[in-house]
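Single-letter residue listing:
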Amino acid sequence: MTDLVLSLDVTDRTSALSIAAACAEEVDAIKVGYPLVLGTGLGIARDLADLGLPLIADFKVADIPNTNMLICDQVFEAGFSAVIAQAFPGPDSIAACVESAHAHGGECYVVAEMSHPGALTFFSEGVPEAICRLVVENGADGIIAPATRPARIKVLRNLIGEKKILSPGVGAQGGDPAEVAPLVDGMIVGRAIYGAVDPAAAARAYAPYRR
Ligand code: NUP
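Scoring rules and cut-offs
Residues numbered from 1 in each chain as written. Predicted model: local features only at pLDDT ≥ 70, side-chain atom pairs only at ≥ 80, totals over all residues. Heavy atoms only, no water. Helix = DSSP H or I, 4+ residues; strand = E, 2+ residues; numbered from the N terminus. Rg over C-alpha atoms; globule rule 2.2 N^0.38 Å. Buried < 20%, exposed > 50% of the residue type's maximum accessible area, 1.4 Å probe, protein only. Pairing = 2+ DSSP bridges. UniProt positions renumbered as here; feature names shortened; annotations may be inferred. Contact = heavy atoms within 4.5 Å. Polar contact = N/O pair within 3.5 Å; in protein donor to acceptor, adjacent residues only side chain to side chain. Phe/Tyr/Trp six-rings, centres within 6.5 Å; stacked < 30°, edge-to-face > 60°.

Caption draft 1: Broad picture of the overall build of the protein. The helix and strand inventory of the protein stands at 10 helices and eight strands. Scaling as 2.2 N^0.38, a compact globule of 211 residues should have a C-alpha radius of gyration of about 17 Å, and the protein matches this with 16 Å. For the protein, the spread of C-alpha atoms along the three principal axes comes to 40 × 35 × 30 Å. Here the protein holds 211 residues, and the buried ones make up 50% of them.

Shown next, in the form of structure tokens:
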């Protein structure tokens, strides 16, 4: 029903590569963020790329357009196939990420609503809806929407049509895969897989929900 995206938020290279290799058959993509890149360097992308899975850079890029472009160019040249950007810097900033992504044959996802409890302080009162409209207008490839609030995913789905939804919050944050999988294009799971004694077995437990 959905892709399973491993969020590889470990901070050392040996663990990252061994968990990724162990889970490679069980997942459809790997998401890498600041914890792993700051711990090991951007070159970790090339090492992971050897597994042949799409690599998503969760840098929540959020700067002026020129800086966003510089960041995203580095991301794609490092071997990533998608980048995640924040929407709040505005349409021109998102457009820079989308332009860089598409120039490199990659994708850009925009955070529409975050999954943690405190997200509702600012991701409220129509803000996620406005972000979805922006995503449709500026050609981004999809949104990040919270697995912790499936009802919100349904609302946002109605606004983005065919664009994709990647959804973090399954597992450690309490999101239920059975409820979320039918609503999204990709379920992002971190701690419930990489923190397990047997990460491959933990990833395999999501097999009933995969396409
Ligand atoms: O709204 C978001 N929530 C979220 O958890 C947007 C994200 N990008 N994430 C990321 O997804 C978070 O930074 C982490 O890398 C992953 C979820 O990990 P876990 O809660 O499954 O361990």
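Caption draft 2: How the structure looks around the pairing of strand 3 (residues 55-61). When you tally the buried positions in strand 3, you get six out of seven residues, the bulk of the element. Note that strand 2 (residues 29-33) and strand 3 share four bridges and pair parallel. Bridging across to strand 3, Ile30 finds its partner in Leu55. Two elements, strand 3 and strand 4 (residues 82-86), share three bridges in a ladder whose sense is parallel. Bridge assignment links Ala57 to a residue of strand 4, and that residue is Val83.

Caption draft 3: Molecular detail of the UniProt feature "active site" (unreviewed entry) in the protein. The UniProt feature table records "active site" (unreviewed entry) at Asp58, Lys60 and Asp63. Positionally, Asp58 belongs in strand 3. Look at Asp58 and you get buried, because its relative accessible area is 9%. Not counting the four nearest positions on each side in its chain, Asp58 is found in contact with Lys31, Val32, Gly33, Tyr34 and Ile84. Within polar-contact distance, the side chain of Asp58 engages the side chain of Lys31 at 2.6 Å. Within the element layout of this structure, Asp63 appears in the loop between strand 3 and helix 4 (65-77). Asp63 gets classed as partly exposed once you look at its relative accessible area, which sits at 35%. The residues touching Asp63, leaving out its near neighbours within four places in the chain, are Asn68, Pro89 and Ser93.

Caption draft 4: Local environment of unusual backbone geometry. Although it is not a glycine, Lys60 sits at a positive phi angle of roughly 40 degrees. Classification of Lys60 by relative accessible area gives partly exposed; the value is 30%. Positive phi is not limited to glycine here, since Glu125 has a value of about 50 degrees. Along the polypeptide, Glu125 turns up in the loop between strand 5 (107-111) and helix 6 (127-138). We classify Glu125 as exposed; its relative accessible area is 81%.

Caption draft 5: Region of interest: the packing of aromatic side chains. Taken as a whole, this structure holds two aromatic pairs when the rule is applied. The interplanar angle of 70 degrees and the centroid separation of 6.0 Å between the aromatic rings of Phe59 and Phe80 together place this pair among those described as edge-to-face. Residue Phe59 is located in strand 3, and its partner Phe80 is located in the loop between helix 4 and strand 4; the two are separated by 21 residues in the primary sequence. On the basis of relative accessibility, which here comes to 7%, the residue Phe59 falls in the buried class. One aromatic cluster is present, formed by Tyr34, Phe59 and Phe80 through successive ring pairs.

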